[in-house]
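Chain and residue survey
Chain residues, written in single-letter form:
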Amino acid sequence: MSRYSIFFFVFFSQLIITSPYTLVERDRHTASYMDNKIYFLGGSTEQYPIGTNDFFYLDVSIPFNLDSTLPIYDLSNDARYIHPHSYGASTICGPNKDTIFLICGVSEDNFYYRFINNKEWVQDSSIFSSGVQWKSVVCNKNGSYIYTYGRYDNANKYVMTIEDTTRNSVLSNLNIMNYLAPAILLPDGRIAYIGEILSENLWFRNIYIYNTNDGTWRNMSTSGIEPSPRHSHTMVLTQDGLIIIYGGMNNIHLGPSPDQILVLDTKVDPFTWSTPNIDPAPSSAPYGGHTATLVGNYMIIAFGFYRNATRDFIYSNQIHMIDVSEKNNYKWVKNFIPTKSAIIDGTSGGTETTSNITKTAYSTKSPGAAHAAIIGGTTGGIATLLIIS
């Protein structure tokens, strides 16, 4: 009888640790790709518009179809000590590139967390200035430094913070003259800020580049087509040096930008813009508040918002995918087949340029944490009854 008790105890314990997760509509979350998992954290939901600490991952080591049950697992119990938030910024960094670094704003303070060895979140003492809307965070090639860029609240002042991840200390704070776009790390160690924010929209003609190798800046005027202005888009970098921008909305008409997908070739000087061929997007595809992660040849677009036929904002609980394997000919797909290719880099959140970082903290549990608690209590109770029997 004791053998059966041990079996049931182990079985139900595993259910508690990795519970299937019921997706809810959300936007302004973060996504971090590590060890064949895309980790999603935080974001706004209908029930918790200020923010959540929901924490779950999509397993991309196995095939799946978007119309079937997705391999998504809830880890919200591991993130219960993280402040509920939206508009966070995250990156994979550290000497072994095995740690998620998250910075988020709640009330008047910034909070800084590390997710170590796929096990636990650790809150570090705040080493970042308070009252800053952090827009992007980038890790250098060897994982030793993190470059965080943001804008001071209620002031036209901008700052880049350089942190030593091995010592958990700030090396320098650089005052920046321009309101730059979110950043992406190029293979040669340069950080490209794709555009400049003017009149609450992002304009792409000028690219600001920071060289992490020698600490110098360059202002590059790009060539090719003229991308339409936007905000709330995302971008990823392919292994052949192409930056793919997806989504975005324009503040003038509050609708999606007409060129929803763009390509910037970084292998040429100056960088060159083009528009690839792609079939029409699904009606449920978001164009703002989403995340985009490149896994192999698949650009995985998660959650976000879009407008329906009556121009109401609809928040998504779905995942969409674009196959970018064929140059200049992309297509929306539903089947994911894993490959040995890995992500180079990608934005971990929507590139919102107008709203503030979260200003209020919740004391109640987020839906993910509540879901984990329900499953934990239910399975634990069943396991206890079986053991008693």
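First, a word on what this report is: a plain description of the structure on this page. (Residues numbered from 1 in each chain as written. Predicted model: local features only at pLDDT ≥ 70, side-chain atom pairs only at ≥ 80, totals over all residues. Heavy atoms only, no water.)

All right, on to the overall build of the protein then. When its secondary structure is counted, the protein shows two helices and 34 strands. Counting only residues that meet the buried cut, the protein has 54% of its 389 residues in that class. Counting only contacts in the protein whose residues sit at least 6 apart along the sequence, the fraction spanning at least 24 positions is 54%. With an accessible surface of roughly 17000 Å², the protein has 53% of that area assigned to carbon and sulfur atoms. (Helix = DSSP H or I, 4+ residues; strand = E, 2+ residues; numbered from the N terminus. Buried < 20%, exposed > 50% of the residue type's maximum accessible area, 1.4 Å probe, protein only. Contact = heavy atoms within 4.5 Å. Areas by Shrake-Rupley, 256 points an atom, 1.4 Å probe, with all protein chains shown as cover.)

Ordered by their spatial adjacency, five strands build an open sheet running 26-32-31-28-27, and the pairing between neighbours is mixed. Both outer strands of the open sheet, strand 26 (277-278) and strand 27 (291-295), are each paired with one neighbouring strand and no more. Pairing between strand 28 (residues 298-302) and strand 31 (residues 319-323): five bridges, direction antiparallel. In the sheet register, Tyr 298 faces strand 31, and the bridge partner there is Asp 323. (Pairing = 2+ DSSP bridges.)

It is worth spelling out the sheet that holds strand 12 (residues 145-152) at this point. One open sheet holds the four strands; their spatial order is 11-12-13-14, and the pairing between them is antiparallel. Lying at the two open borders of the sheet, with one neighbouring strand each, are strand 11 (132-139) and strand 14 (169-176). Within this sheet the neighbouring strands show an average axis-to-axis angle of 20°, counted without direction. Relative to strand 14, strand 13 (residues 158-164) runs antiparallel, the two sharing seven bridges. Pairing of Glu 163 across the sheet is with Val 170, part of strand 14. (Axes fitted to C-alpha atoms, helices over the stretch in contact; angles between N-to-C directions.)

Take the packing of aromatic side chains next. Evaluated as defined, the whole model comprises 22 aromatic pairs. Ring plane angle 75° and centroid distance 5.9 Å describe the contact between Tyr 287 and Phe 305, whose orientation is recorded as edge-to-face. Taken together, the residues Tyr 287 in the loop between strand 26 and strand 27 and Phe 305 in strand 29 (residues 305-307) connect sequence positions 18 residues apart. Judged by relative accessible area, Tyr 287 falls into the buried class, the value being 5%. Pairwise contacts between aromatic rings join Tyr 39, Phe 55, Tyr 57, Tyr 73, Phe 115 and Trp 121 into one cluster. Looking at Lys 37, its charged tip hangs above the ring of Tyr 57, at a distance of 5.5 Å from the centre. (Phe/Tyr/Trp six-rings, centres within 6.5 Å; stacked < 30°, edge-to-face > 60°. Lys NZ or Arg CZ within 6 Å of the ring centre and 35° of its normal.)

In terms of nonpolar packing, the biggest core is built from 34 residues, with Ile 191, Tyr 193, Ile 194, Ile 207, Ile 243, Ile 245 and Trp 273 touching the most fellow members. Examining the composition of this core, we find that four residues originate from one element, strand 19 (residues 206-211), more than from any other. Residues contacting Ile 194, with those up to four places away along its chain left out, are Ala 181, Pro 182, Leu 202, Phe 204, Ile 207, Met 235, Ile 243, Ile 245, Leu 264 and Trp 273. Counting 22 residues, the second-largest nonpolar core is a separate cluster that includes Phe 64, Tyr 298, Ile 300 and Ala 302. (Core = buried A, V, L, I, M, F, W, Y, C linked by side-chain atoms within 4.5 Å.)

Locating Ser 316 in the fold gives a position in the loop between strand 30 (313-315) and strand 31. Relative accessible area serves as the criterion here: at 3%, Ser 316 is assigned to the buried category. Within the local environment of Ser 316, its side chain forms a polar contact with the backbone nitrogen of Gln 318, the two atoms lying 3.0 Å apart. (Polar contact = N/O pair within 3.5 Å; in protein donor to acceptor, adjacent residues only side chain to side chain.)

Our focus in this paragraph is the pattern of salt bridges. Enumeration according to the criterion identifies eight salt bridges in this entry. Glu 226 is the salt-bridge partner of Arg 205, the closest N and O atoms lying 2.7 Å from each other. Of this pair, Arg 205 sits in the loop between strand 18 (201-203) and strand 19 while Glu 226 is found in the loop between strand 21 (223-224) and strand 22 (234-237), placing the two residues 21 residues apart along the sequence. Here Asp 269 makes a salt bridge to Arg 218, at a shortest N to O gap of 3.0 Å. A residue pair is termed long-range when its members are at least 10 positions apart, and Asp 269 in the loop between strand 24 (261-265) and strand 25 (272-274) and Arg 218 in strand 20 (residues 216-221) qualify at 51 residues. Of the residues examined, Arg 218 reaches a relative accessible area of 35% and is grouped as partly exposed. (Salt bridge = Lys/Arg side-chain N within 4 Å of Asp/Glu carboxyl O.)

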